[in-house]
Amino acid sequence: MLALSAEGILPKIDYAIFADTGWEPKSVYDHLDRLEREIAKPAGIPVLRVSSGNIRSDALNPDHRFASMPLYILNTDGRPGMTRRQCTGEYKVKPIKKKIRQLLGYPYPARVPKGVFVEQWIGISTDEFHRAKDADVKYMQNRHPLIDMGWSRSDCVRYLTSLNLAKTPKSSCLGCPFHGNAQWRHIRDNSPAEWEDVVEFDAAIRKGNARANASGSRLLGEAFLHRSRVPLGQAPIDHVTASEWAALQQELADEDELERGVADGCSPWACRGDADALAQGGFGLAT
Ligand code: SF4
């Protein structure tokens, strides 16, 4: 959408916003720098990088309140579970809303007057139109230009390829538990330092985040980044195991999800489930 706007195919946008969790792969930061340098700047579009902190260090800091990641849990009785996802709301939705309020001139906790709002474009394509939703606050009105143009994912890829941006990496935290096996393998096989980093993080959160442990409310079971609930360094990311098949029956997931990750991933405005609805309204920025 940034390129479409910069090229004048879509109207000129005032700003582009990137919500930085502090733990994206290097390829994503490099790509963002390139977009800014080659597309946004020449078109006079400021790219605003907003952040609520570093999700990785916050999880391991006993003094920091932590909005939980969707970790896979193995309860003491052997039953599988998951922690509630709060991180998208805290690290993506919250800083974007904060910035929008600032841009409008009504920083939190000021009331945004009726009729004052931004038009917010969200890059959802026609093959995922079910993710397109209205904003949950009156000071943002959501638009979905790709859907309006009738563009599918492959139309977007074709357009990016024409701009020499075919290798656009997918944005998400390096250690996001929503990764499928393909994403884990990609990190392991292409970026040894980042693989070491996620394996180390996986081991560090085995008993939950540091704040919970410090406050004495530690997890009763064990937490894992990989769906198999096996330490990431040994997790079966090259094939699906029998116990994963069994767990799939309980979790309503499918083989494709194991390989390619959770379909809806971690877009700030296209999340699924109640946890995300709660997160969007739960940080004091909803009114
Ligand atoms: S990418 Fe994953 S870990 Fe990061 S904020 Fe989104 S859901 Fe949470």
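Keep in mind that what you see is a predicted model, and the values were worked out from it rather than measured. (Residues numbered from 1 in each chain as written. Predicted model: local features only at pLDDT ≥ 70, side-chain atom pairs only at ≥ 80, totals over all residues.)

### Details of the overall build of the chain
Within the chain, the regular secondary structure consists of 12 helices and seven strands. Taking all 287 residues of the chain together, the buried fraction comes to 31%. Put simply, 63% of the contacts in the chain that link residues at least 6 apart link residues at least 24 apart. (Helix = DSSP H or I, 4+ residues; strand = E, 2+ residues; numbered from the N terminus. Buried ≥ 20, exposed ≤ 12 C-beta atoms within 10 Å, placed from the backbone. Contact = placed C-beta atoms within 7 Å.)

### Examining the sheet that holds strand E4 (residues 80-82)
Pairing between sheet strands relies on hydrogen bonds along the backbone, with the strands arranged either parallel or antiparallel. What the three strands build is an open sheet, ordered E4-E3-E7; its pairing is antiparallel. The strands lining the two open edges of the sheet, one partner per strand, are E4 and strand E7 (222-224). Sheet twist, expressed as the mean angle between neighbouring strand axes with direction ignored, is 35 degrees. Inspection of the sheet shows strand E3 (residues 72-74) paired to E4 by three bridges, in the antiparallel sense. Bridge pairing links Leu74 to Pro80 in E4. (Pairing = 2+ DSSP bridges. Axes fitted to C-alpha atoms, helices over the stretch in contact; angles between N-to-C directions.)

### Describing the site of the ligand
Close contacts around the ligand come from 13 residues, with Cys87, Ser172, Cys173, Cys176 and Cys266 the closest. Per-element accounting of the shell around the ligand gives the leading share, three residues, to helix H4 (residues 87-104). Here the residues of the shell around the ligand sort into nine nonpolar, three polar and one charged. (Near = placed C-beta within 6 Å. Nonpolar A, V, L, I, M, F, W, Y, C, P; charged D, E, K, R; others polar.)

### Quick look at the pairing of strand E2 (residues 47-50)
Alignment of strand E1 (residues 16-19) against E2, held across four bridges, turns out to be parallel. Counted as the bridge partner of Phe18 is Arg49 from E2. Each parallel crossover has a hand, and for E1 linked through helix H2 (residues 26-43) to E2 it is right-handed. (Right-handed = clockwise from strand over helix to strand, strands pointing away.)

### Focus: the environment of Glu196
Relative to the elements of secondary structure, Glu196 occurs in helix H8 (residues 192-204). Here Glu196 falls in the partly exposed class, since 13 other C-beta atoms lie within 10 Å of it. Placed 36 residues apart in sequence, Glu196 and Leu232 show a C-alpha to C-alpha distance of 10.0 Å.

### Overview of unusual backbone geometry
Cis geometry marks the peptide bond from Tyr108 to Pro109, where omega comes out at 10 degrees. Of note, Pro109 is situated in the loop between H4 and strand E5 (118-121). In this model, Asn164 sits at a positive phi of 65 degrees, which is unusual for a non-glycine residue. Looking at the element boundaries, Asn164 is found in the loop between helix H6 (153-162) and helix H7 (181-190). For Asn164, a count of 9 C-beta atoms within 10 Å puts it in the exposed group.

### Some remarks on the environment of Leu219
For Leu219, the position within the fold is in the loop between helix H9 (210-214) and E7. Using a count of 19 C-beta atoms within 10 Å as the deciding quantity, one classes Leu219 as partly exposed. For the pair Leu219 and Ile73, spaced 146 residues apart in sequence, the C-alpha separation works out to 9.1 Å. Residues in contact with Leu219, not counting those within four places in the same chain, are Lys207, Gly208 and Ala212.

### Re H8
Over its 13 residues, H8 extends 18 Å from the first C-alpha to the last, a length consistent with the 18 Å expected when each residue adds 1.5 Å. Looking at H8, one finds that the buried residues are Val198, Phe201 and Asp202. Buried residues in H8, looked at end-on, bunch into an arc of 100 degrees, giving them a common side. Turned more than 90 degrees away from the buried face of H8, the exposed residues are Pro192 and Ala193. Each element contacted by the buried residues of H8 is listed here: helix H3 (55-60), H7 and E7. (Expected span 1.5 Å × (residues − 1). Arc of directions from axis to C-beta.)

### A short note on the confidence of the model for the chain
Overall, the prediction assigns the chain a mean pLDDT of 89, with 89% of residues at 70 or greater. In the predicted structure, residues 272-287 sits below a pLDDT of 50 and forms 29 contacts with residues beyond four places in sequence or in another chain. (pLDDT = per-residue confidence, 0-100.)

### A word on the environment of Ile122
For Ile122, the location among the structural elements is in the loop between E5 and strand E6 (140-143). Separated by 147 residues in the primary sequence, Ile122 and Trp269 have C-alpha atoms spaced 7.4 Å apart.

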